[in-house]
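Breakdown of the fold
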Amino acid sequence: QVQLVESGGGLVQAGGSLRLSCAASGRLFSINVMAWYCQAPGKQRELVASITSGGWINYADSVRGRFTISRDNTKNTVSLQMNSLKPEDTAVYYCNVAMSGVSYWGQGTQVTVSS
């Protein structure tokens, strides 16, 4: 049993900041990749940022320089610090964990950025 619990979403003004957090619990063994995805209405779910257990990080071009992903391996958490938010960032953000070749998803948290 694996559960991902997300928090930190909300409504902010353009230029503001939010910090999303995701905590993994349950039968956790070797968590390879932790990531954040977003899905806006009518669009495909897209990778925002990912981080491996060794610290390798990838960012989507649209968020590079504004968002920062981090993880705490001892606590099995992953966070996404979102700065300089734009209305285009409005979406549901999902936590994703890859473990032993299996992908797990959080329930999603809504991020709304007003202009």
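To start, this report covers the structure provided alongside it. (Residues numbered from 1 in each chain as written. Predicted model: local features only at pLDDT ≥ 70, side-chain atom pairs only at ≥ 80, totals over all residues. Heavy atoms only, no water.)

1. Here's the deal with the pairing of strand β5 (residues 46-52)
Pairing geometry for strand β4 (residues 31-39) and β5, over six bridges, is antiparallel. Looking at the pairing, Met34 lines up with Ile51 of β5. Hairpin connection, β4 to β5: the antiparallel pair is bridged by six residues, and Gly42 has positive phi, about 75°. Pairing between β5 and strand β6 (residues 57-59): three bridges, direction antiparallel. Each bridged residue has a counterpart across the sheet, and for Ser50 the counterpart in β6 is Asn58. (Pairing = 2+ DSSP bridges. Helix = DSSP H or I, 4+ residues; strand = E, 2+ residues; numbered from the N terminus.)

2. Points about the state of the cysteines
Applying the stated rule across the entire model yields one disulfide. No disulfide involves Cys38; its nearest neighbouring cysteine sulfur is the one of Cys95, lying 14 Å away. (Disulfide = S-S within 2.5 Å.)

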